[in-house]
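# Observations on the model geometry
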Amino acid sequence: MEPMEQLSELVSAEGRNRKAVLCRRCGSRVLQPGTALFSRRQLFLPSMRKKPALADGSNPDGDLLQEHWLVDDMFIFENVGFTKDVGNIKFLVCADCEIGPIGWHCLDDKKSFYVALERVSHE
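The paragraphs below set out a description of the structure included in this document. The structure presented is a predicted model; accordingly, all values stated were derived computationally and were not measured.

Cut-offs and rules
- Residues numbered from 1 in each chain as written.
- Predicted model: local features only at pLDDT ≥ 70, side-chain atom pairs only at ≥ 80, totals over all residues.
- Heavy atoms only, no water.
- Helix = DSSP H or I, 4+ residues; strand = E, 2+ residues; numbered from the N terminus.
- Buried < 20%, exposed > 50% of the residue type's maximum accessible area, 1.4 Å probe, protein only.
- Contact = heavy atoms within 4.5 Å.
- Areas by Shrake-Rupley, 256 points an atom, 1.4 Å probe, with all protein chains shown as cover.
- Disulfide = S-S within 2.5 Å.
- Phe/Tyr/Trp six-rings, centres within 6.5 Å; stacked < 30°, edge-to-face > 60°.

### What to know about the overall build of the chain
Tallying secondary structure elements over the chain gives two helices and 11 strands in all. When the helices and strands of the chain are listed from N to C terminus, the series reads α-β-β-β-β-α-β-β-β-β-β-β-β. Evaluated residue by residue, the chain yields a buried proportion of 44% over its 123 residues. Relative to all contacts within the chain whose residues are 6 or more apart in sequence, the contacts with residues 24 or more apart total 56%. For the chain, the accessible area works out to roughly 6400 Å², and carbon and sulfur atoms hold 49% of it.

Structure (C-alpha coordinates):
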(Lines give C-alpha, C1' and ligand atoms only; values in the text may rest on other atoms or scores of the structure.)
Protein backbone atom coordinates (compact mmCIF):
# COMPACT_ATOMS: atom_id res chain seq x y z
CA MET A 1 0.00 0.00 0.00
CA GLU A 2 1.12 3.53 -0.73
CA PRO A 3 1.53 5.87 2.26
CA MET A 4 -1.08 8.65 2.30
CA GLU A 5 1.37 11.40 1.29
CA GLN A 6 2.35 9.38 -1.77
CA LEU A 7 -1.29 8.70 -2.65
CA SER A 8 -2.00 12.44 -2.71
CA GLU A 9 0.89 12.84 -5.17
CA LEU A 10 -0.60 10.16 -7.43
CA VAL A 11 -4.35 10.86 -7.19
CA SER A 12 -5.89 14.15 -8.35
CA ALA A 13 -8.81 15.88 -6.63
CA GLU A 14 -11.05 14.26 -9.27
CA GLY A 15 -9.73 10.82 -8.29
CA ARG A 16 -7.67 10.33 -11.47
CA ASN A 17 -4.00 9.42 -11.94
CA ARG A 18 -1.82 12.56 -11.86
CA LYS A 19 1.19 10.76 -13.34
CA ALA A 20 1.84 8.30 -16.15
CA VAL A 21 1.66 4.64 -15.11
CA LEU A 22 4.72 2.62 -16.15
CA CYS A 23 5.92 -0.98 -16.10
CA ARG A 24 8.28 -1.40 -13.14
CA ARG A 25 10.54 -3.75 -15.05
CA CYS A 26 11.05 -2.11 -18.46
CA GLY A 27 9.57 1.39 -17.99
CA SER A 28 7.04 1.01 -20.81
CA ARG A 29 4.08 3.38 -20.51
CA VAL A 30 0.86 1.59 -19.52
CA LEU A 31 -1.45 4.61 -18.99
CA GLN A 32 -1.27 8.33 -19.73
CA PRO A 33 -1.93 10.81 -16.89
CA GLY A 34 -5.63 11.45 -16.18
CA THR A 35 -6.93 8.29 -17.87
CA ALA A 36 -7.75 6.08 -14.85
CA LEU A 37 -9.75 6.41 -11.63
CA PHE A 38 -8.36 5.46 -8.22
CA SER A 39 -10.28 2.50 -6.79
CA ARG A 40 -10.12 0.46 -3.61
CA ARG A 41 -11.15 -3.13 -4.19
CA GLN A 42 -9.63 -6.26 -2.73
CA LEU A 43 -8.28 -8.43 -5.56
CA PHE A 44 -5.93 -11.41 -5.60
CA LEU A 45 -3.07 -11.22 -8.09
CA PRO A 46 -0.58 -14.08 -8.57
CA SER A 47 3.10 -13.37 -7.96
CA MET A 48 4.90 -11.44 -10.70
CA ARG A 49 6.42 -13.54 -13.51
CA LYS A 50 6.47 -13.97 -17.27
CA LYS A 51 3.16 -14.38 -19.17
CA PRO A 52 3.38 -18.12 -20.08
CA ALA A 53 3.72 -19.05 -16.39
CA LEU A 54 0.60 -17.04 -15.52
CA ALA A 55 -1.75 -18.75 -17.95
CA ASP A 56 -1.49 -22.23 -16.42
CA GLY A 57 -3.12 -20.99 -13.20
CA SER A 58 -1.36 -23.70 -11.18
CA ASN A 59 0.53 -21.55 -8.67
CA PRO A 60 -1.64 -19.96 -5.96
CA ASP A 61 1.20 -17.75 -4.60
CA GLY A 62 0.33 -14.09 -4.82
CA ASP A 63 -0.87 -10.96 -3.08
CA LEU A 64 -4.21 -9.58 -1.96
CA LEU A 65 -4.06 -5.99 -3.23
CA GLN A 66 -6.48 -3.16 -2.51
CA GLU A 67 -5.35 -0.01 -4.37
CA HIS A 68 -5.85 0.06 -8.13
CA TRP A 69 -6.25 2.27 -11.15
CA LEU A 70 -9.63 1.52 -12.74
CA VAL A 71 -9.98 1.84 -16.52
CA ASP A 72 -13.36 1.34 -18.21
CA ASP A 73 -12.16 0.75 -21.79
CA MET A 74 -9.28 -1.49 -22.85
CA PHE A 75 -8.41 0.93 -25.66
CA ILE A 76 -7.38 3.58 -23.11
CA PHE A 77 -4.24 1.57 -22.32
CA GLU A 78 -1.03 2.63 -24.05
CA ASN A 79 0.62 -0.73 -23.64
CA VAL A 80 -0.94 -3.77 -21.99
CA GLY A 81 -1.32 -7.43 -22.78
CA PHE A 82 -3.74 -10.05 -21.49
CA THR A 83 -3.18 -13.64 -20.41
CA LYS A 84 -5.33 -16.49 -21.62
CA ASP A 85 -8.50 -16.94 -19.57
CA VAL A 86 -7.95 -18.29 -16.07
CA GLY A 87 -11.53 -19.22 -15.19
CA ASN A 88 -13.43 -16.02 -15.95
CA ILE A 89 -10.37 -13.80 -15.30
CA LYS A 90 -7.73 -12.37 -17.60
CA PHE A 91 -4.62 -10.93 -15.98
CA LEU A 92 -3.03 -7.77 -17.37
CA VAL A 93 0.69 -7.85 -18.22
CA CYS A 94 3.18 -5.43 -19.76
CA ALA A 95 2.93 -5.88 -23.53
CA ASP A 96 6.66 -5.16 -24.02
CA CYS A 97 8.37 -7.39 -21.44
CA GLU A 98 5.35 -9.62 -20.59
CA ILE A 99 5.93 -9.38 -16.83
CA GLY A 100 2.84 -9.52 -14.69
CA PRO A 101 0.26 -9.61 -13.62
CA ILE A 102 0.07 -5.87 -13.16
CA GLY A 103 -3.71 -6.02 -13.17
CA TRP A 104 -6.94 -7.94 -13.39
CA HIS A 105 -10.04 -8.10 -15.62
CA CYS A 106 -13.16 -10.19 -15.04
CA LEU A 107 -14.79 -11.35 -18.26
CA ASP A 108 -18.25 -10.89 -16.68
CA ASP A 109 -17.67 -7.11 -16.47
CA LYS A 110 -16.59 -5.70 -19.84
CA LYS A 111 -15.92 -2.20 -18.43
CA SER A 112 -13.60 -2.82 -15.48
CA PHE A 113 -9.85 -3.19 -15.90
CA TYR A 114 -7.81 -2.88 -12.69
CA VAL A 115 -4.09 -2.03 -12.51
CA ALA A 116 -2.55 -2.54 -9.06
CA LEU A 117 -0.62 0.51 -7.78
CA GLU A 118 1.90 -1.81 -6.09
CA ARG A 119 2.75 -3.52 -9.38
CA VAL A 120 3.59 -0.39 -11.43
CA SER A 121 5.66 2.78 -11.14
CA HIS A 122 4.63 6.38 -11.79
CA GLU A 123 6.31 9.31 -13.55
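### Looking at the state of the cysteines
Inspection of the entire model under this criterion finds zero disulfides. Left without a disulfide partner, Cys97 is nearest to the cysteine sulfur of Cys23, which lies 3.7 Å away. In this structure Cys97 comes out as buried when scored by relative accessible area, which is 11%.

### Notes on the packing of aromatic side chains
Geometrically, a pair of aromatic rings is defined through the distance of the ring centres and the angle of the planes. Under the counting rule described, the total for this entry stands at four aromatic pairs. A centroid spacing of 6.1 Å and a plane angle of 75 degrees characterise the contact between Phe38 and Trp69, whose relative ring orientation is edge-to-face. Of this pair, Phe38 sits in strand 3 (residues 37–46) while Trp69 sits in strand 5 (residues 62–71), placing them 31 residues apart in sequence. For Phe38, a relative accessible area of 22% puts it in the partly exposed group. Note on Trp69: relative accessible area 0%, which makes it buried. Ring geometry for Phe82 against Phe113: centres 6.1 Å apart, planes inclined by 65 degrees, an arrangement best described as edge-to-face. Pair noted here: Phe82 is in strand 6 (residues 81–82) and Phe113 is in strand 10 (residues 113–116), with a separation of 31 residues, a long-range link. Taking relative accessible area as the criterion, Phe82 reaches 23% and is therefore assigned partly exposed. Among the aromatic side chains, those forming a connected cluster through ring pairs are Phe77, Phe82 and Phe113.

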